[in-house]
Amino acid sequence: MYDAIVVGARCAGSPTAMLLARKGYRVLLLDKASFPSDVVNGYYVQQTGSARLKHWGLLSRLHASNCPPLLTITFDFRDFSLTGCPPAADDVDEGYAPRRIVLDKILVDAAVEAGAELREGFAVEALLWEGDHVTGIRHRTKAGAAVAERARIVIGADGTNSIVARGVSADVYNATPALTCWYAAHWSGVPAQGVEFYRRDRRALIACYTNDGLTVVLVGCPYREFFEVRTDIEGNYLRSLDLASEFADRVRSGKREERFVGTADTANFFRRPFGPGWALVGDAGYHKDPSTAQGITDSFRDAELLSEAIDDGFSGRRLLADALADYEEKRNTAVMPMYDFTIQLANLEEPPAAETQQLLKALRGKPSETNRFLGVWSGTVPIPEFFAPENLRRIFEG
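Conventions and cut-offs
- Residue numbers run consecutively from 1 along every chain, following the written order of its sequence.
- For this predicted model, a pLDDT threshold of at least 70 governs which residues receive local features, and a threshold of 80 or more governs which side-chain atom pairs are given and counted, while totals over whole chains, interfaces and linings are taken from all residues.
- In computing side-chain properties, one takes all heavy atoms of the structure into account and sets aside hydrogens as well as water.
- Only runs of H or I of at least four residues qualify as helices and only runs of E of at least two qualify as strands under DSSP, and these elements are numbered from the N terminus.
- Throughout, the radius of gyration refers to the C-alpha atoms, and the reference size of a globule is 2.2 Å times the residue count to the power 0.38.
- Each residue gets one of three labels from its accessible area relative to the maximum for its type: buried under 20%, exposed over 50%, partly exposed in between, using a 1.4 Å probe on protein chains only.
- For this analysis, residues touch if any pair of their heavy atoms sits within 4.5 Å.
- Here, axes are lines fitted to C-alpha atoms. For helices the fit covers the stretch in contact, and angles between N-to-C directions go from 0 to 180 degrees.
- Orientation categories follow fixed angle ranges, with anything under 35 degrees roughly parallel, anything over 145 roughly antiparallel, 65 to 115 roughly perpendicular, and all other angles oblique.
- Each helix crossing is assigned a hand: it is left-handed if the near helix lies turned anticlockwise from the far helix by less than a right angle, otherwise right-handed if that turn is clockwise.
- Throughout, the ten residues Ala, Val, Leu, Ile, Met, Phe, Trp, Tyr, Cys and Pro are labelled nonpolar, Asp, Glu, Lys and Arg are labelled charged, and all others, Gly among them, are labelled polar.
- Within this scheme, the nonpolar core is defined by two criteria: the residues are buried Ala, Val, Leu, Ile, Met, Phe, Trp, Tyr or Cys, and they are joined through side-chain atoms within 4.5 Å.
- The method works on a 1 Å grid over the protein atoms by themselves. A cavity is a set of points holding a 1.4 Å probe that cannot get out, a pocket is an open set with protein on both sides within 12 Å along at least five of seven lines, and residues with an atom within 4 Å of a point line them.
- Grid points are joined across faces, edges and corners, and a volume is the space filled by probe spheres set on the points.
- The arc in question is the one spanned by the directions pointing from the helix axis to the C-beta atoms.
- Within this document, salt bridges are pairs made up of a side-chain nitrogen of Lys or Arg and a carboxyl oxygen of Asp or Glu, the two lying within 4 Å of each other.

Peer 1: Would you take a moment to explain the overall build of the protein chain for this structure?
Peer 2: When helices and strands are counted, the protein chain shows 14 helices and 19 strands. Relative to the compact-globule value of 21 Å for 398 residues, the protein chain shows a C-alpha radius of gyration of 21 Å, a close match. The C-alpha extent of the protein chain, read off along each of the three principal axes, is 60 × 50 × 40 Å. The 398 residues of the protein chain split such that 57% are buried.

Peer 1: Whenever I open this one, the environment of F75 confuses me. Can you help?
Peer 2: Topologically, F75 is positioned in strand 3 (residues 73–76). Given a relative accessible area of 3%, F75 falls into the buried group. A sequence separation of 299 residues divides F75 from L374, and the C-alpha atoms of the two residues are 8.8 Å apart. Not counting residues up to four positions away in its chain, the partners in contact with F75 are F80, S81, L82, F197, L374 and W377.

Peer 1: Would you take a moment to explain the packing of helix 11 (residues 354–362) against helix 14 (residues 389–397) for this structure?
Peer 2: Packed helix pairs are specified by the crossing angle of their axes together with the interaxial distance, meaning the distance between the axes. The N-to-C vectors of helix 11 and helix 14 enclose an angle of 55°; their axes lie 9 Å apart at closest approach. Of the possible angle classes, the one that applies to helix 11 and helix 14 is oblique. Along this stretch, helix 11 crosses helix 14, giving a crossing that reads as left-handed. Here Q358, L359 and A362 of helix 11 lie close against helix 14, whose contacting residues are L392, I395 and F396. Looking at side-chain class alone, the contact of helix 11 with helix 14 contains five nonpolar, one polar and no charged residues.

Peer 1: Explanation requested: the nonpolar core in the structure shown.
Peer 2: Side chains that are nonpolar tend, in soluble globular proteins, to be buried together. Residues L53 and I155 are the most contacted members of the largest nonpolar core, which totals 50 residues. When neighbours within four sequence positions are excluded, L53 is seen to be in contact with V45, L58, L59, L62, L107 and F300.

Peer 1: I tried to follow the layout of surface pockets on my own but got confused; where do I start?
Peer 2: The method is simple in principle: a probe with the dimensions of a water molecule rolls over the atoms, and the space it marks as empty is what remains. For the second largest pocket, the calculated volume is near 530 Å³. Along the walls of the second largest pocket sit 23 residues, with F341, Q344, L345, P352 and T356 positioned nearest its centre. Broken down by secondary-structure element, the contributors of at least two residues to the lining of the second largest pocket are helix 10 (320–345), helix 11, helix 12 (367–378) and helix 14. By residue number, the principal contributor to the lining of the second largest pocket is helix 10, which donates five residues.

Peer 1: Looking at this model, I keep getting lost on empty space enclosed by the protein. Mind explaining?
Peer 2: Evaluation of the coordinates by the stated rule reveals one cavity of 30 Å³ or more. When its volume is computed, the largest cavity comes out at roughly 50 Å³. If you go around the largest cavity, the residues you meet are Y183, R203, V219, C221, V229, I233, N236, Y237 and S240. Of all elements in the fold, only strand 13 (215–222) and helix 7 (233–241) reach the threshold of two or more residues within the lining of the largest cavity. If you tally residues by element for the lining of the largest cavity, the top one is helix 7, at four residues. Tallied by class, residues from the lining of the largest cavity come to six nonpolar, two polar and one charged.

Peer 1: What is the right way to look at helix 7 in this model?
Peer 2: Because an α-helix packs 3.6 residues into every turn, residues spaced three or four apart end up facing the same way. For helix 7, the full list of buried residues reads G235, N236, Y237, L238, S240 and L241. Next to the buried residues of helix 7 lie strand 10 (180–188), strand 12 (203–209), strand 13, helix 6 (226–229) and helix 8 (245–252).

Peer 1: I would appreciate a short explanation of helix 8 in the present structure.
Peer 2: All of the buried residues along helix 8 are F247, A248, R250 and V251. Projected down its long axis, helix 8 carries its buried residues within an arc of 160°, all on one side. Against strand 10, strand 11 (195–200), strand 12, strand 13 and helix 7 lie the buried residues of helix 8.

Peer 1: Hey, could you run me through the environment of C181 in this one?
Peer 2: Structurally, C181 can be placed in strand 10. By relative accessible area, C181 is classed as buried at 0%. Residue contacts for C181: discarding those within four places in its chain leaves V219, G220, C221, P222, Y223, F226, T263 and A264.

Peer 1: For this particular structure, what's the right way to read the pattern of salt bridges?
Peer 2: Any two side chains of opposite charge can pair if their charged atoms end up close together. Evaluation of the coordinates by the stated rule reveals 31 salt bridges. Notably, a salt bridge pairs E304 with R52, separated by 3.0 Å at the nearest N-O pair. With E304 in helix 9 (residues 295–315) and R52 in helix 2 (residues 47–55), this pair connects stretches of sequence that are 252 residues apart. Relative accessible area serves as the criterion here: at 16%, E304 is assigned to the buried category. Here E369 ties to R394 by a salt bridge, and the two come within 2.7 Å at their closest N and O atoms. Note that E369 is positioned in helix 12 and R394 in helix 14, a separation of 25 residues in sequence. Among the charged side chains, a network of salt bridges with common partners joins R202, R203, R224, E225 and E349.

Peer 1: For this particular structure, what's the right way to read the environment of V217?
Peer 2: Inspection of the secondary structure puts V217 in strand 13. Of the residues examined, V217 reaches a relative accessible area of 0% and is grouped as buried. The spacing of V217 and A184 is 33 residues in sequence and 5.6 Å in space, taken between C-alpha atoms.

The values are spatial; any link to function lies outside them.
This is the structure in structure tokens:
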């Protein structure tokens, strides 16, 4: 019997397994994929995420993967742009945009090195129950044999469509329907300066360097246009880039190295992340639009919060249910301001609100305040602090 079974071994599952294994727990880490493997999902690791990788002893591995650090962010709104460097997080001032085929392998290897047992190509079929308590998982091998594994807790780290969340009928709250859809491609020969974000009519355009000298270029559209966009992916993608002509010229001068990949899995929601014998972490427990690129960094934070809560419960320092309730509260307190901010930013149907446009224009020529605004996006400046009336008054009057 295991102390914990973690279902899903990517950006939430592997860190959770690693942290629990480092505390001495017996952990089984499962994923239906094999590693290294790619996934259509987020890229960017914000400064706070980089700081956690450093704390875990893994940032040097990411640095060695031929993934360049990203120090600047540019927001271009056609009439003007803001460029700066977000404040550092624990002396780490760089973000990264590693390919998931690289980052996830680093995280999986770290979990195994910590003592977690990894099973790849392992698709969970169902949860095991004793009364109202989850006690394990069931899997069926390719040969058709049923395999059951049991644990003190089963952790769903298997994304928005989590089989664990479905199996326990986890309550959903504070939900907002999907607002955007995205298509991305990797290009060679496309120069980029840090992270570039362009807001145009009903479009969001993003570019930054990733591994091996490639640039990832993403195009975001309103969700309701997804089925129309996919009828001519390349044409709509390139026409969207043309809304920022200089940017489009740079992309067109390069070479697309791989096929386009897209997603409309961008719903916004919270799930109750715990119950008798189970917990949820990462996108399985909470998800928001990728416009603010918080998903990977949030998963790292929540892996720490959950592993600490489980350790408090298993060690007897607290009742496990109380520790997990605190995990939910801490998670929600940490993410709620960014959740609301993201939903506003992700509404591509409308231009930014008038007060937002006034603020952005007021930041021009104020590099210190621009850096702090970019820190809001990167998570190093608290949203309530930046948008406090006295701070906004100082910006407008300065």
